[in-house]
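One-letter residues, chain by chain:
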Amino acid sequence: MMLNRGHQFNLPMYESHIALLLLIFSIFFKTKFFYGTYPFAPFIDFFWIFEPGVGYRILLGGITFLCCLGIVFRKMNRIACFILGLIILWIILSNQLFYSTNNLLLACLFILLGVYRGNDLIFRIQLSILYFGSSISKILETDWRNGTYFNNFITQVYDLSLINILLDFISVFWVALFFSWFVIGIEISLCVLVLFRRFTFASRLIALVFHGGMLIISGGELSVPYFYILMCAFLLLQSKIEGKVNEDAQSWFDFFIDYFKTLRIHFLKLWKGTYFQNNTSYIYIYYFFALIYIIYFRFIN
Amino acid sequence: MVTLELIYEIPPMLNRVLKVFVLLFFTAQVMGIIYARFSDVKFFCWTPYDQISFYHIEVYLKDHQLTDEEIMSRYGIASKGRENRSIHNVFRLVNTVEKKRKQQNEWQPSIKIYYSVNGKALNTWVYDAE
(Lines give C-alpha, C1' and ligand atoms only; values in the text may rest on other atoms or scores of the structure.)
Protein backbone atom coordinates (compact mmCIF):
# COMPACT_ATOMS: atom_id res chain seq x y z
CA MET A 1 0.00 0.00 0.00
CA MET A 2 1.46 3.33 -1.00
CA LEU A 3 1.57 6.25 1.33
CA ASN A 4 1.20 9.86 0.38
CA ARG A 5 2.31 12.78 2.49
CA GLY A 6 0.69 15.47 0.35
CA HIS A 7 -2.92 15.06 1.39
CA GLN A 8 -3.06 17.40 4.35
CA PHE A 9 -5.23 19.97 2.65
CA ASN A 10 -6.59 18.41 -0.53
CA LEU A 11 -8.87 15.47 -1.08
CA PRO A 12 -7.88 12.83 -3.62
CA MET A 13 -9.26 13.43 -7.11
CA TYR A 14 -12.17 11.00 -6.92
CA GLU A 15 -13.44 12.31 -3.59
CA SER A 16 -12.99 15.87 -4.86
CA HIS A 17 -15.40 15.04 -7.67
CA ILE A 18 -17.97 13.74 -5.21
CA ALA A 19 -17.56 16.87 -3.07
CA LEU A 20 -18.10 18.98 -6.19
CA LEU A 21 -21.18 16.96 -7.14
CA LEU A 22 -22.59 17.56 -3.66
CA LEU A 23 -21.80 21.25 -3.87
CA ILE A 24 -23.40 21.67 -7.30
CA PHE A 25 -26.54 20.01 -6.03
CA SER A 26 -26.58 22.12 -2.87
CA ILE A 27 -26.30 25.33 -4.87
CA PHE A 28 -29.47 24.46 -6.79
CA PHE A 29 -31.50 22.78 -4.05
CA LYS A 30 -30.16 24.19 -0.78
CA THR A 31 -29.77 27.79 -1.80
CA LYS A 32 -30.61 29.15 1.63
CA PHE A 33 -27.42 27.68 3.06
CA PHE A 34 -25.34 29.92 0.85
CA TYR A 35 -26.45 33.40 1.72
CA GLY A 36 -26.55 32.99 5.46
CA THR A 37 -29.75 32.95 7.45
CA TYR A 38 -30.95 34.44 10.69
CA PRO A 39 -31.55 32.04 13.54
CA PHE A 40 -35.21 31.18 13.95
CA ALA A 41 -36.58 28.80 16.58
CA PRO A 42 -33.14 27.30 17.23
CA PHE A 43 -32.51 23.95 18.85
CA ILE A 44 -30.27 25.66 21.39
CA ASP A 45 -31.23 29.02 22.92
CA PHE A 46 -27.66 30.26 22.53
CA PHE A 47 -28.32 30.93 18.81
CA TRP A 48 -30.85 33.68 19.56
CA ILE A 49 -27.96 36.05 20.26
CA PHE A 50 -27.23 36.16 16.51
CA GLU A 51 -30.83 37.00 15.62
CA PRO A 52 -30.57 40.64 14.61
CA GLY A 53 -26.99 40.47 13.33
CA VAL A 54 -26.40 41.52 9.73
CA GLY A 55 -22.67 41.03 10.35
CA TYR A 56 -23.36 37.45 11.40
CA ARG A 57 -25.14 36.81 8.16
CA ILE A 58 -22.40 38.38 6.07
CA LEU A 59 -19.71 36.45 7.96
CA LEU A 60 -21.53 33.15 7.52
CA GLY A 61 -22.21 33.84 3.84
CA GLY A 62 -18.61 34.94 3.29
CA ILE A 63 -17.08 31.84 4.84
CA THR A 64 -19.51 29.66 2.89
CA PHE A 65 -18.52 31.42 -0.33
CA LEU A 66 -14.80 30.85 0.38
CA CYS A 67 -15.51 27.16 1.07
CA CYS A 68 -17.33 26.89 -2.24
CA LEU A 69 -14.35 28.42 -4.03
CA GLY A 70 -12.07 25.91 -2.31
CA ILE A 71 -14.19 22.99 -3.50
CA VAL A 72 -14.70 24.33 -7.02
CA PHE A 73 -11.03 25.15 -7.61
CA ARG A 74 -9.74 22.21 -5.57
CA LYS A 75 -7.66 24.42 -3.30
CA MET A 76 -7.59 23.18 0.28
CA ASN A 77 -10.88 21.47 -0.50
CA ARG A 78 -10.52 19.09 2.43
CA ILE A 79 -10.66 22.01 4.87
CA ALA A 80 -13.34 23.72 2.76
CA CYS A 81 -15.54 20.61 2.98
CA PHE A 82 -15.04 20.37 6.73
CA ILE A 83 -15.93 24.02 7.36
CA LEU A 84 -18.88 23.91 4.95
CA GLY A 85 -20.21 20.83 6.76
CA LEU A 86 -19.91 22.60 10.10
CA ILE A 87 -21.66 25.68 8.71
CA ILE A 88 -24.58 23.60 7.43
CA LEU A 89 -24.79 21.90 10.83
CA TRP A 90 -24.65 25.32 12.51
CA ILE A 91 -27.49 26.60 10.32
CA ILE A 92 -29.58 23.51 11.09
CA LEU A 93 -28.97 23.91 14.83
CA SER A 94 -29.91 27.57 14.64
CA ASN A 95 -33.18 26.97 12.80
CA GLN A 96 -35.61 24.11 13.31
CA LEU A 97 -37.17 24.85 9.93
CA PHE A 98 -33.93 23.81 8.24
CA TYR A 99 -33.84 20.46 9.95
CA SER A 100 -34.36 17.60 7.55
CA THR A 101 -32.66 14.26 7.19
CA ASN A 102 -31.16 15.20 3.84
CA ASN A 103 -29.75 18.48 5.19
CA LEU A 104 -28.23 16.61 8.11
CA LEU A 105 -26.78 13.97 5.82
CA LEU A 106 -25.31 16.69 3.60
CA ALA A 107 -23.62 18.28 6.63
CA CYS A 108 -22.31 14.91 7.83
CA LEU A 109 -20.87 14.02 4.43
CA PHE A 110 -19.05 17.33 4.08
CA ILE A 111 -17.65 16.98 7.62
CA LEU A 112 -16.53 13.41 6.95
CA LEU A 113 -14.94 14.44 3.64
CA GLY A 114 -12.99 16.95 5.71
CA VAL A 115 -11.59 14.26 8.00
CA TYR A 116 -11.29 11.61 5.31
CA ARG A 117 -7.78 10.19 5.08
CA GLY A 118 -8.15 7.48 2.47
CA ASN A 119 -10.16 4.90 4.35
CA ASP A 120 -13.83 4.83 3.43
CA LEU A 121 -14.77 3.18 6.74
CA ILE A 122 -16.06 6.52 8.02
CA PHE A 123 -18.61 6.70 5.19
CA ARG A 124 -19.56 3.07 5.79
CA ILE A 125 -20.18 3.71 9.48
CA GLN A 126 -22.13 6.87 8.64
CA LEU A 127 -24.44 4.99 6.29
CA SER A 128 -24.76 2.11 8.72
CA ILE A 129 -25.82 4.48 11.51
CA LEU A 130 -28.28 6.13 9.15
CA TYR A 131 -29.97 2.83 8.25
CA PHE A 132 -29.76 1.64 11.85
CA GLY A 133 -31.63 4.74 13.07
CA SER A 134 -34.14 4.46 10.28
CA SER A 135 -34.84 0.73 10.70
CA ILE A 136 -34.91 0.69 14.52
CA SER A 137 -37.49 3.47 14.59
CA LYS A 138 -39.71 1.56 12.16
CA ILE A 139 -39.42 -1.76 13.99
CA LEU A 140 -40.38 -0.17 17.31
CA GLU A 141 -43.33 1.67 15.79
CA THR A 142 -46.62 -0.29 15.99
CA ASP A 143 -48.01 1.50 12.94
CA TRP A 144 -45.11 0.20 10.89
CA ARG A 145 -45.30 -3.35 12.18
CA ASN A 146 -49.01 -3.76 11.48
CA GLY A 147 -49.03 -1.87 8.19
CA THR A 148 -51.13 1.12 9.36
CA TYR A 149 -48.48 3.57 8.22
CA PHE A 150 -48.33 2.20 4.69
CA ASN A 151 -52.07 1.77 4.51
CA ASN A 152 -52.40 5.50 5.14
CA PHE A 153 -49.43 6.21 2.86
CA ILE A 154 -50.96 4.35 -0.08
CA THR A 155 -54.57 5.43 0.32
CA GLN A 156 -54.43 8.96 1.79
CA VAL A 157 -51.05 10.59 1.31
CA TYR A 158 -49.85 9.84 -2.19
CA ASP A 159 -51.51 8.94 -5.40
CA LEU A 160 -49.35 5.93 -6.05
CA SER A 161 -50.68 4.79 -9.39
CA LEU A 162 -48.12 1.99 -9.69
CA ILE A 163 -49.16 0.47 -6.36
CA ASN A 164 -52.84 1.09 -7.07
CA ILE A 165 -52.58 -1.46 -9.88
CA LEU A 166 -51.70 -4.05 -7.22
CA LEU A 167 -54.74 -3.08 -5.17
CA ASP A 168 -56.99 -4.43 -7.91
CA PHE A 169 -55.69 -7.93 -7.12
CA ILE A 170 -54.61 -7.90 -3.47
CA SER A 171 -56.25 -6.27 -0.47
CA VAL A 172 -54.70 -3.03 0.77
CA PHE A 173 -53.96 -4.64 4.15
CA TRP A 174 -51.60 -7.22 2.65
CA VAL A 175 -49.98 -4.74 0.29
CA ALA A 176 -49.35 -2.35 3.21
CA LEU A 177 -48.01 -5.13 5.40
CA PHE A 178 -45.72 -6.36 2.64
CA PHE A 179 -44.29 -2.90 1.92
CA SER A 180 -43.80 -2.14 5.62
CA TRP A 181 -41.70 -5.23 6.22
CA PHE A 182 -40.01 -4.97 2.84
CA VAL A 183 -38.74 -1.46 3.72
CA ILE A 184 -37.67 -2.58 7.20
CA GLY A 185 -35.86 -5.60 5.74
CA ILE A 186 -34.03 -3.53 3.13
CA GLU A 187 -32.93 -0.97 5.71
CA ILE A 188 -31.65 -3.62 8.12
CA SER A 189 -29.79 -5.34 5.26
CA LEU A 190 -28.19 -2.08 4.17
CA CYS A 191 -27.25 -1.27 7.78
CA VAL A 192 -25.13 -4.43 7.82
CA LEU A 193 -24.04 -4.72 4.18
CA VAL A 194 -22.49 -1.26 3.90
CA LEU A 195 -19.97 -2.19 6.57
CA PHE A 196 -18.39 -4.88 4.39
CA ARG A 197 -16.17 -3.98 1.48
CA ARG A 198 -17.00 -7.17 -0.38
CA PHE A 199 -20.65 -6.11 -0.54
CA THR A 200 -19.95 -2.62 -1.86
CA PHE A 201 -21.45 -3.28 -5.27
CA ALA A 202 -24.42 -5.14 -3.78
CA SER A 203 -25.20 -2.39 -1.28
CA ARG A 204 -24.90 0.28 -3.97
CA LEU A 205 -27.24 -1.65 -6.21
CA ILE A 206 -29.79 -2.31 -3.46
CA ALA A 207 -29.72 1.36 -2.42
CA LEU A 208 -30.08 2.53 -6.02
CA VAL A 209 -33.05 0.26 -6.70
CA PHE A 210 -34.66 0.89 -3.29
CA HIS A 211 -34.35 4.67 -3.13
CA GLY A 212 -34.69 5.08 -6.91
CA GLY A 213 -37.85 2.99 -6.76
CA MET A 214 -39.26 5.13 -3.96
CA LEU A 215 -38.41 8.26 -5.92
CA ILE A 216 -40.25 7.00 -9.01
CA ILE A 217 -43.24 5.56 -7.16
CA SER A 218 -43.74 8.73 -5.11
CA GLY A 219 -43.23 11.00 -8.12
CA GLY A 220 -40.16 12.66 -6.63
CA GLU A 221 -41.65 13.21 -3.15
CA LEU A 222 -39.39 10.62 -1.46
CA SER A 223 -37.21 12.43 -2.11
CA VAL A 224 -35.24 14.38 -4.68
CA PRO A 225 -32.48 15.69 -2.36
CA TYR A 226 -32.29 12.53 -0.25
CA PHE A 227 -31.78 10.24 -3.24
CA TYR A 228 -29.04 12.40 -4.72
CA ILE A 229 -27.13 12.95 -1.48
CA LEU A 230 -27.43 9.30 -0.51
CA MET A 231 -26.15 8.16 -3.91
CA CYS A 232 -23.14 10.46 -3.49
CA ALA A 233 -22.52 8.81 -0.11
CA PHE A 234 -22.64 5.37 -1.71
CA LEU A 235 -20.24 6.51 -4.41
CA LEU A 236 -17.75 7.31 -1.67
CA LEU A 237 -17.60 3.64 -0.74
CA GLN A 238 -14.71 1.91 -2.46
CA SER A 239 -14.60 -1.72 -3.44
CA LYS A 240 -10.87 -1.71 -2.70
CA ILE A 241 -8.51 0.83 -1.20
CA GLU A 242 -5.87 1.95 -3.64
CA GLY A 243 -2.78 4.01 -2.91
CA LYS A 244 -3.28 7.36 -4.57
CA VAL A 245 -0.02 9.02 -5.49
CA ASN A 246 0.84 12.50 -6.76
CA GLU A 247 -2.78 13.46 -7.24
CA ASP A 248 -2.21 16.73 -5.47
CA ALA A 249 0.01 17.84 -8.32
CA GLN A 250 -2.81 17.39 -10.78
CA SER A 251 -5.20 20.33 -11.12
CA TRP A 252 -8.80 20.13 -12.27
CA PHE A 253 -7.66 21.56 -15.61
CA ASP A 254 -4.94 18.91 -16.13
CA PHE A 255 -7.42 16.27 -15.12
CA PHE A 256 -10.00 17.25 -17.72
CA ILE A 257 -7.38 17.80 -20.45
CA ASP A 258 -6.06 14.30 -19.78
CA TYR A 259 -9.57 13.06 -20.00
CA PHE A 260 -10.21 14.49 -23.42
CA LYS A 261 -6.88 13.14 -24.65
CA THR A 262 -7.84 9.67 -23.58
CA LEU A 263 -11.39 9.78 -24.86
CA ARG A 264 -10.59 7.11 -27.43
CA ILE A 265 -9.36 4.80 -24.68
CA HIS A 266 -12.59 5.34 -22.80
CA PHE A 267 -14.65 4.33 -25.80
CA LEU A 268 -12.49 1.24 -26.20
CA LYS A 269 -12.93 0.36 -22.52
CA LEU A 270 -16.65 0.86 -22.84
CA TRP A 271 -16.69 -1.36 -25.91
CA LYS A 272 -14.70 -4.09 -24.18
CA GLY A 273 -16.79 -3.86 -21.03
CA THR A 274 -13.88 -3.02 -18.72
CA TYR A 275 -15.03 0.54 -18.17
CA PHE A 276 -16.36 0.25 -14.63
CA GLN A 277 -13.24 -1.22 -13.07
CA ASN A 278 -11.64 2.07 -12.18
CA ASN A 279 -13.36 4.64 -9.98
CA THR A 280 -12.32 7.84 -11.71
CA SER A 281 -12.81 6.55 -15.23
CA TYR A 282 -16.56 6.89 -15.14
CA ILE A 283 -16.79 10.17 -13.29
CA TYR A 284 -18.22 11.80 -16.45
CA ILE A 285 -21.20 9.53 -16.20
CA TYR A 286 -21.88 10.84 -12.69
CA TYR A 287 -21.75 14.42 -13.92
CA PHE A 288 -24.02 13.55 -16.81
CA PHE A 289 -26.64 11.94 -14.58
CA ALA A 290 -26.29 14.67 -11.97
CA LEU A 291 -26.92 17.31 -14.63
CA ILE A 292 -29.98 15.53 -16.01
CA TYR A 293 -31.27 14.96 -12.46
CA ILE A 294 -30.80 18.59 -11.37
CA ILE A 295 -32.26 20.05 -14.58
CA TYR A 296 -35.27 17.73 -14.46
CA PHE A 297 -36.17 18.11 -10.80
CA ARG A 298 -35.16 21.74 -10.37
CA PHE A 299 -36.40 23.27 -13.59
CA ILE A 300 -38.81 20.89 -15.34
CA ASN A 301 -40.69 18.80 -12.82
CA MET B 1 -14.52 -6.08 7.40
CA VAL B 2 -12.41 -3.01 6.72
CA THR B 3 -9.86 -1.84 9.25
CA LEU B 4 -9.67 1.46 11.04
CA GLU B 5 -6.14 2.25 9.91
CA LEU B 6 -5.60 5.41 7.92
CA ILE B 7 -3.88 5.17 4.58
CA TYR B 8 -2.39 8.59 4.16
CA GLU B 9 0.51 9.44 6.36
CA ILE B 10 -0.36 12.33 8.64
CA PRO B 11 1.23 13.66 11.83
CA PRO B 12 0.43 11.32 14.75
CA MET B 13 -1.09 14.12 16.80
CA LEU B 14 -3.48 15.11 14.00
CA ASN B 15 -4.28 11.45 13.48
CA ARG B 16 -5.23 11.10 17.13
CA VAL B 17 -7.35 14.26 17.10
CA LEU B 18 -9.17 13.11 13.97
CA LYS B 19 -9.89 9.69 15.43
CA VAL B 20 -11.29 11.20 18.62
CA PHE B 21 -13.38 13.65 16.58
CA VAL B 22 -14.78 10.91 14.35
CA LEU B 23 -15.53 8.75 17.38
CA LEU B 24 -17.42 11.59 19.09
CA PHE B 25 -19.18 12.44 15.84
CA PHE B 26 -20.59 8.94 15.49
CA THR B 27 -21.28 8.54 19.20
CA ALA B 28 -23.39 11.72 19.11
CA GLN B 29 -25.46 10.27 16.28
CA VAL B 30 -26.02 6.97 18.10
CA MET B 31 -26.99 8.92 21.23
CA GLY B 32 -29.47 10.86 19.09
CA ILE B 33 -31.05 7.60 17.93
CA ILE B 34 -31.26 6.23 21.48
CA TYR B 35 -32.63 9.51 22.85
CA ALA B 36 -35.35 9.56 20.17
CA ARG B 37 -36.64 6.22 21.46
CA PHE B 38 -37.56 7.88 24.74
CA SER B 39 -38.82 11.14 23.31
CA ASP B 40 -41.83 12.13 21.23
CA VAL B 41 -39.79 14.70 19.36
CA LYS B 42 -37.78 13.17 16.50
CA PHE B 43 -34.75 15.19 15.54
CA PHE B 44 -31.20 14.03 14.71
CA CYS B 45 -32.19 10.36 14.70
CA TRP B 46 -32.34 9.50 10.99
CA THR B 47 -36.07 8.91 10.81
CA PRO B 48 -37.46 10.55 7.71
CA TYR B 49 -41.05 9.70 6.78
CA ASP B 50 -41.55 7.35 9.73
CA GLN B 51 -44.80 9.02 10.72
CA ILE B 52 -47.08 11.12 8.56
CA SER B 53 -49.38 13.62 10.20
CA PHE B 54 -51.80 16.12 8.76
CA TYR B 55 -52.32 19.18 10.92
CA HIS B 56 -54.22 22.43 11.10
CA ILE B 57 -53.03 25.29 13.31
CA GLU B 58 -55.49 27.75 14.83
CA VAL B 59 -54.12 30.82 16.61
CA TYR B 60 -56.08 33.52 18.44
CA LEU B 61 -54.28 36.64 19.50
CA LYS B 62 -56.37 39.08 21.55
CA ASP B 63 -59.56 37.60 20.07
CA HIS B 64 -58.24 38.01 16.56
CA GLN B 65 -57.77 34.80 14.60
CA LEU B 66 -54.48 34.84 12.74
CA THR B 67 -54.70 34.38 8.97
CA ASP B 68 -52.72 31.74 7.04
CA GLU B 69 -50.13 34.37 6.09
CA GLU B 70 -49.77 35.56 9.68
CA ILE B 71 -49.25 32.00 10.89
CA MET B 72 -46.67 31.43 8.18
CA SER B 73 -44.77 34.56 9.14
CA ARG B 74 -45.01 33.76 12.86
CA TYR B 75 -43.92 30.08 12.76
CA GLY B 76 -42.42 29.64 9.30
CA ILE B 77 -44.80 26.79 8.46
CA ALA B 78 -48.15 26.63 6.72
CA SER B 79 -51.29 26.74 8.86
CA LYS B 80 -52.47 23.55 7.18
CA GLY B 81 -49.93 20.98 6.19
CA ARG B 82 -48.21 17.67 6.52
CA GLU B 83 -45.41 16.73 8.91
CA ASN B 84 -43.27 13.85 7.71
CA ARG B 85 -41.47 13.07 10.94
CA SER B 86 -43.24 13.44 14.27
CA ILE B 87 -46.11 15.85 14.89
CA HIS B 88 -44.34 16.68 18.16
CA ASN B 89 -41.69 18.43 16.06
CA VAL B 90 -44.37 20.95 15.07
CA PHE B 91 -45.43 21.38 18.71
CA ARG B 92 -41.80 21.98 19.65
CA LEU B 93 -41.42 24.60 16.93
CA VAL B 94 -44.51 26.47 18.12
CA ASN B 95 -43.34 26.21 21.73
CA THR B 96 -39.88 27.57 20.88
CA VAL B 97 -41.30 30.57 19.01
CA GLU B 98 -43.82 31.39 21.74
CA LYS B 99 -41.23 30.97 24.50
CA LYS B 100 -39.07 33.57 22.80
CA ARG B 101 -42.01 35.93 22.33
CA LYS B 102 -42.93 35.48 25.97
CA GLN B 103 -39.41 36.49 27.00
CA GLN B 104 -39.93 39.66 24.96
CA ASN B 105 -43.11 40.30 26.97
CA GLU B 106 -45.37 39.84 23.98
CA TRP B 107 -49.01 38.91 24.36
CA GLN B 108 -49.40 35.14 24.56
CA PRO B 109 -51.81 33.68 22.01
CA SER B 110 -54.20 30.82 22.37
CA ILE B 111 -53.09 28.02 20.04
CA LYS B 112 -54.76 24.79 19.03
CA ILE B 113 -53.33 22.26 16.64
CA TYR B 114 -55.69 19.67 15.19
CA TYR B 115 -53.80 16.68 13.89
CA SER B 116 -54.17 13.16 12.66
CA VAL B 117 -51.24 10.72 12.79
CA ASN B 118 -50.99 8.00 10.13
CA GLY B 119 -54.60 8.46 9.13
CA LYS B 120 -55.97 7.81 12.60
CA ALA B 121 -58.56 9.80 14.58
CA LEU B 122 -58.25 13.56 14.92
CA ASN B 123 -56.53 14.87 18.06
CA THR B 124 -56.05 18.32 19.47
CA TRP B 125 -52.95 19.84 21.01
CA VAL B 126 -53.36 22.98 23.08
CA TYR B 127 -50.51 25.39 23.70
CA ASP B 128 -49.74 25.87 27.35
CA ALA B 129 -48.47 29.41 27.89
CA GLU B 130 -47.31 28.57 31.41
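Residues numbered from 1 in each chain as written. Chains lettered and ligands numbered in written order. Predicted model: local features only at pLDDT ≥ 70, side-chain atom pairs only at ≥ 80, totals over all residues.

Undergrad: Please provide a residue-by-residue account of the overall build of chain A, values included.
TA: Tallying secondary structure elements over chain A gives 14 helices and zero strands in all. Start at the N end of chain A and walk to the C end: the helices and strands fall as α-α-α-α-α-α-α-α-α-α-α-α-α-α. Here chain A, with 301 residues, has 36% of them falling under the buried criterion. Taking as baseline every contact in chain A between residues at least 6 positions apart, the subset at least 24 positions apart corresponds to 69%. (Helix = DSSP H or I, 4+ residues; strand = E, 2+ residues; numbered from the N terminus. Buried ≥ 20, exposed ≤ 12 C-beta atoms within 10 Å, placed from the backbone. Contact = placed C-beta atoms within 7 Å.)

Undergrad: Any chance you could break down the interface of chain B and chain A for me, citing the residues and the numbers?
TA: Every contact between the two is made by 35 residues of chain B and, on the other side, 47 residues of chain A. When contributions to the side of chain B that touches chain A are tallied by element, the ones reaching two or more residues are α1 (12-37) and α3 (87-103) of chain B. Class assignment of the residues belonging to the side of chain B that touches chain A gives a composition of 24 nonpolar, six polar and five charged. (Nonpolar A, V, L, I, M, F, W, Y, C, P; charged D, E, K, R; others polar.)

Undergrad: Quick one: what's the story with α3(B), residue by residue and with numbers?
TA: Residue and element names in this part refer to chain B. With 17 residues, α3 extends 25 Å between its outermost C-alpha atoms, agreeing within 8% with the 24 Å of an ideal straight helix rising 1.5 Å per residue. When we look at burial in α3, the residues that qualify are I87, H88, V90, L93, V94 and E98. Looking at the buried side of α3, the elements it contacts are β1 (53-61), α2 (68-75), β3 (80-83) and β4 (110-117). Directly beyond the C-terminal end of α3, a positive phi value near 60° is found at N105. (Expected span 1.5 Å × (residues − 1).)

Undergrad: An account of the environment of I122(A) is requested, with residue identities and associated values reported.
TA: Secondary-structure assignment places I122(A) in helix α5 (residues 121-139). On the basis of neighbour counts, which here come to 23 C-beta atoms within 10 Å, the residue I122(A) falls in the buried class. Each C-alpha atom, one on I122(A) and one on G55(A), is 35 Å from the other, the two residues being 67 residues apart in sequence. Beyond its immediate stretch of four places on either side in the chain, I122(A) contacts L112(A), V115(A), Y116(A) and V22(B).

Undergrad: So what's going on with the nonpolar core? Which residues, and what values?
TA: Counting 62 residues, the largest nonpolar core has A19(A), L22(A), I88(A), L109(A), F110(A), I229(A) and C232(A) as the members making the most contacts within it. For this core, the elements supplying multiple residues, two or more each, are α1 (13-29), α2 (54-72), α3 (77-93), α4 (101-115), α5, α9 (172-193) and α11 (224-235) of chain A together with α1 of chain B. Aside from chain neighbours lying at most four places away, what touches L22(A) is L106(A), L109(A), F110(A), I229(A) and C232(A). If you look at the next biggest cluster of nonpolar residues, it comprises 13 residues, including I57(B), Y75(B), L93(B) and I113(B). (Core = buried A, V, L, I, M, F, W, Y, C linked by C-beta atoms within 7 Å.)

Undergrad: Account for α3(A), naming residues and giving values.
TA: Residue and element names in this part refer to chain A. Across its 17 residues, α3 extends 24 Å between first and last C-alpha, which sits within 8% of the 24 Å expected from 1.5 Å per residue. Inspection of α3 places N77, R78, A80, C81, F82, L84, G85, I87, I88, I91 and I92 among the buried residues, and these make up the whole buried set. Close packing links the buried residues of α3 with α1, α2 and α4.

Undergrad: Explain the confidence of the model for chain A to me, and be specific about the residues and the numbers.
TA: On average, chain A scores 84 in pLDDT, and the residues at 70 or more come to 83%. Long-range and interchain partners of residues 1-6 of chain A, a stretch whose pLDDT sits below 50, account for 12 contacts in this model, where long-range means more than four residues apart. (pLDDT = per-residue confidence, 0-100.)

Undergrad: So what about unusual backbone geometry? Which residues, and what values?
TA: Here A41(A), not a glycine, exhibits a phi torsion of approximately 45°, which is positive. Tracing the backbone through its elements, the reader meets A41(A) in the loop between α1 and α2. A positive phi angle, near 50°, is found at K62(B), a position not held by glycine. Considering the arrangement of structural elements, one finds K62(B) in the loop between β1 and β2 (64-65).

Undergrad: So what's going on with the pairing of β4(B)? Residues and values would help.
TA: All names here are of chain B. With eight bridges connecting them, β1 and β4 associate as antiparallel partners. Paired with V59 across the bridge in β4 is I111. The sheet contact formed by β4 and strand β5 (residues 123-126) spans four bridges and is antiparallel. Paired with I113 across the strands is W125, a residue of β5. (Pairing = 2+ DSSP bridges.)

Undergrad: Now, about the confidence of the model for chain B: what can you tell me, with residues and values included?
TA: All names here are of chain B. Model confidence for chain B is summarised by a mean pLDDT of 89, while 93% of its residues fall at 70 or above. Averaged over each element, pLDDT in chain B is lowest for β2 (92) and highest for β5 (96). Low pLDDT, under 50, characterises residues 1-6; the stretch is placed with 12 contacts to residues that sit more than four places away or in other chains. For this predicted complex, the interface score ipTM comes out at 0.89, alongside a pTM of 0.87.

Undergrad: Could you give an account of the packing of α4(A) against α11(A), with specific residues and numbers?
TA: All names here are of chain A. Between α4 and α11, the shortest axis-to-axis distance is 9 Å and the interhelical angle comes to 25°. Between α4 and α11, the interaxial angle falls into the category roughly parallel. Between α4 and α11 lies a crossing of left-handed hand. Across the interface between the two elements, T101, N102, L105, L106 and L109 from α4 touch P225, Y226, I229, L230, C232 and A233 from α11. Per-class residue counts for the contact of α4 with α11 are nine nonpolar, two polar and no charged. (Axes fitted to C-alpha atoms, helices over the stretch in contact; angles between N-to-C directions. Parallel < 35°, antiparallel > 145°, perpendicular 65-115°, else oblique. Left-handed = near helix turned anticlockwise from the far one by under 90°.)

Undergrad: Please give an account of the environment of I206(A) that cites residues and values.
TA: Residue and element names in this part refer to chain A. Its location among the elements puts I206 in helix α10 (residues 200-217). Accessibility expressed as a C-beta count within 10 Å gives 17 for I206, which makes it partly exposed. Separated by 16 residues in the primary sequence, I206 and L190 place their C-alpha atoms 7.8 Å from one another. Dropping the residues within four chain positions of it, I206 is found in contact with I186, S189 and L190.

Undergrad: An account of the packing of α5(A) against α9(A) is needed here, citing residue identities and associated values.
TA: Residue and element names in this part refer to chain A. Two elements in contact, α5 and α9, have axes separated by 8 Å at closest approach and are oriented at 150°. With respect to each other, α5 and α9 are oriented roughly antiparallel. Remark: the crossing between α5 and α9 carries left-handed chirality. Residue-level inspection shows S128, Y131, F132, S134, S135, K138 and I139 of α5 in contact with α9, the latter providing V183, I184, E187, I188, L190 and C191. Looking at side-chain class alone, the contact of α5 with α9 contains eight nonpolar, three polar and two charged residues.

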